[in-house]
Amino acid sequence: MFLTSAPGVPQTMADDRQPLVPDDDLPYSPPPPDLNSSLQDGSEDGGGDDATQVNFEIAPGQVHIPSTASSGFSFRKLWAFTGPGWLMSIAYLDPGNIESDLTAGAVAKYKLLWVLMWSTVMGLILQLLAARLGCVTGLHLAQVCRQNYPRGPRLALWIMMEIAIIGSDIQEVVGSAIAMNLLSAGKIPIWAGVILTGADTFTFLFLENYGLRKLEGLFCSLITIMAFSFGYMYCTIRPDQGQILQGMWFPWCQNCNKEAIQQAVGIVGAIIMPHNIYLHSALVLSRDIDRKDKNKIKEANMYNAIESAIALFVSFLINLFVTATFAHAFSDSTKYQNPSLSAAGKWIFEKYGLAMKIIWGIGILAAGQSSTMTGTYAGQFVMEGFLDIHWAKWKRVLLTRSIAMGPTIVVALFAHRDLDMLNNWLNVLMSIQLPFALIPILHFTSSESIMGEFKNSRFTKILVWCLATVIIGVNFYLGFTYVDGVLPIWGYVLVGLAVLIYMMFVFYLAVGLNNWNRLIERIRAWRSGQGVDVISSGIN
């Protein structure tokens with residue numbers, strides 16, 4: 001186990017757990033990292049890479065954190081920690097989010113900007129919990145789930161996250177394909193764009209061989225392209241600044257119809273991605289943190305929080321550019337009644353010309369390419385963490401990409417005419433997966449046996465559980481609105497059965513393992529007539 005003990009930080013994740021599972025389900029302890037091969041020599045600013053490294057991986061301790069004379073804030077250290085938060089923020093800028101933004105602007109104009117802003121704030125809080133879990137424990141969320149859940153629940157969690165990754169990947173790959181179709185004036189069909197996107201993801205992943213910092217720089221460059229593309233459109237079309245401020249700071253939706261309300265709920269589901277919480281908890285492990293020193297852990301938490309806040313602020317501005325731009329212009333169009341990525345490209349070409357269409361296509365392509373690559377990393381971390389798979393990199397990339405690309409190609413071939421409806425259903429699909437990331441991260445970061453003195457305070461617990469309740473409730477409403485009145489009777493019976501099983505699993509996760517253990521102890525004591533202490537001793 002490469003997690004070292006620190007004052008107030010437990011040495012192992014599962015020392016205090018009392019598993020009610022067979023021996024083969026006892027907590028998994030990963031081998032210590034090979035610091036000679038994975039730890040970068042690096043320069044003092046955290047920007048150096050080992051040029052002789054061949055099989056580069058995003059693994060623990062690769063970026064050195066420079067030491068400084070003073071204990072105060074250091075821009076050199078902030079620069080060393082810069083990277084994971086920007087990769088995480090790409091999930092807030094994928095084509096699914098962009099389409100949600102432009103639809104919100106077209107349907108409700110500026111009235112839903114406050115939903116976008118506060119959804120980003122809620123996402124930031126949850127991402128900080130994920131980063132803190134990784135910094136304190138030296139493990140990412142999928143590994144912690146493997147250590148603390150019995151086999152059945154953890155396999156179910158893995159399947160749910162794979163479904164979320166597949167749903168997100170469909171949006172990302174299809175979004176890239178639409179961008180290629182727009183930029184090629186229709187010469188590259190959607191299905192061909194899907195195949196090209198899947199292939200060039202492997203090409204970009206070879207950039208790992210040049211070092212993690214250069215790979216992070218690539219992602220930041222793609223975010224910069226999005227910012228300039230959508231920012232240029234924003235400045236050219238010039239939406240109403242007063243209405244933008246009003247829409248951001250006044251939670252209202254006057255005269256909104258059902259479609260606008262559904263879109264408001266859809267923004268929450270599109271912004272907060274469940275697998276992105278797993279991804280962020282793994283990305284922060286790439287920084288070399290001395291976990292023997294609790295002050296170093298506090299420092300890492302602080303710099304990760306600053307970097308994540310800056311990255312998500314930039315992502316919010318980009319989403320704001322898109323929403324406000326189409327709030328001003330797209331809703332005036334009578335020709336394209338159903339706003340979408342492809343329809344927006346055609347409308348932009350007709351009203352603003354070829355140059356603006358190319359800028360729009362470049363922004364969408366950057367969003368699709370970057371989010372597809374981070375989705376690949378999320379799939380690798382999730383699979384390795386839950387299943388304890390240690391394969392060669394090319395095998396893992398091939399497997400994780402194949403799992404997502406198979407359904408994506410099928411969708412592109414058979415559902416390309418209904419991509420708008422597909423995007424809505426995919427938002428619902430990913431929304432119902434949210435509890436399987438939210439609830440574990442809330443439980444684990446509130447556990448003293450896992451986090452030590454870095455566990456959530458009582459105020460933080462109340463805040464994050466309230467946020468989780470709101471998010472889960474909002475997404476249940478989103479799912480209900482999309483199945484209401486569209487299924488036959490037998491369809492509702494099947495949906496009702498699925499919802500019952502789903503709710504039981506969510507309830508199991510929400511109660512928490514410790515409470516389940518206590519409940520089982522009391523039930524066994526009641527059935528056997530023995531005391532709870534006797535039963536508890538037997539379980540131990």
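It should be emphasised that the depicted structure is a prediction, and the values quoted were computed from it without experimental measurement.

Rules behind the numbers
Residues numbered from 1 in each chain as written. Predicted model: local features only at pLDDT ≥ 70, side-chain atom pairs only at ≥ 80, totals over all residues. Heavy atoms only, no water. Salt bridge = Lys/Arg side-chain N within 4 Å of Asp/Glu carboxyl O. Helix = DSSP H or I, 4+ residues; strand = E, 2+ residues; numbered from the N terminus. Axes fitted to C-alpha atoms, helices over the stretch in contact; angles between N-to-C directions. Left-handed = near helix turned anticlockwise from the far one by under 90°. Contact = heavy atoms within 4.5 Å. Nonpolar A, V, L, I, M, F, W, Y, C, P; charged D, E, K, R; others polar. Buried < 20%, exposed > 50% of the residue type's maximum accessible area, 1.4 Å probe, protein only. Phe/Tyr/Trp six-rings, centres within 6.5 Å; stacked < 30°, edge-to-face > 60°. Lys NZ or Arg CZ within 6 Å of the ring centre and 35° of its normal. pLDDT = per-residue confidence, 0-100.

Considering the pattern of salt bridges
Pairing of side chains with opposite charge becomes possible as their charged atoms draw close. What the rule picks out here adds up to five salt bridges. Of the charged contacts in the structure, one is a salt bridge between Glu299 and Lys77, with a shortest N-O distance of 2.6 Å. In this pair, Glu299 sits in helix α13 (residues 294-328) while Lys77 sits in helix α2 (residues 75-81), placing the two residues 222 residues apart along the sequence. Between Lys455 and Glu448 there is a salt bridge, and its shortest N-O distance comes to 3.6 Å.

A word on the packing of helix α5 (residues 113-137) against helix α12 (residues 274-283)
Where α5 contacts α12, the two axes come as close as 7 Å, and the packing angle between them is 40°. Our pair here, α5 against α12, has a crossing hand that is right-handed. Counted together, Leu126, Gln127, Ala130, Ala131 and Gly134 of α5 and Asn276, Ile277, His280 and Ser281 of α12 form the full contact between these two elements. Its residues assigned to classes, the contact of α5 with α12 shows four nonpolar, five polar and no charged.

Section: unusual backbone geometry
Not every positive phi belongs to a glycine, and Lys109 is a case in point at roughly 55°. Residue placement: Lys109 occurs in the loop between α4 (95-108) and α5. On the basis of relative accessibility, which here comes to 39%, the residue Lys109 falls in the partly exposed class. Phi is positive for Arg238, which is not a glycine, with a value near 55°. Following the sequence through the fold, Arg238 ends up in the loop between α9 (212-237) and α10 (241-249). Among the residues examined, Arg238 registers a relative accessible area of 65% and is labelled exposed.

Looking at the packing of aromatic side chains
For the structure shown, the criterion picks out 13 aromatic pairs. With a centroid separation of 4.9 Å and an interplanar angle of 90°, the aromatic rings of Phe73 and Phe75 are classed as edge-to-face. The class of Phe73 is partly exposed, set by a relative accessible area of 41%. By way of ring pairs, the aromatic residues Phe230, Phe326, Trp347, Tyr352 and Trp360 are connected into one cluster. It is Arg213 that lies over the ring of Trp79; its NZ or CZ is 5.2 Å from the centre.

A word on the environment of Cys253
Note on placement: Cys253 falls in the loop between α10 and α11 (258-271). Residues Cys253 and Lys111 lie 142 residues apart in sequence; the distance between their C-alpha atoms is 5.4 Å. Residues within four places of Cys253 in sequence aside, it is in contact with Lys111 and Leu112.

Observations concerning the confidence of the model for the protein
Across the protein, the average pLDDT comes to 78, with 78% of residues at or above 70. Taken element by element, the protein is modelled with least confidence in helix α1 (residues 35-38), mean pLDDT 35, and with most confidence in α13, mean pLDDT 93. Across residues 1-45, confidence stays below pLDDT 50; counting only partners more than four residues off in sequence or on other chains, it has 110 contacts. When the criterion is pLDDT under 50, residues 47-56 qualifies, and its contacts beyond four places in sequence or with other chains add up to 22 contacts.

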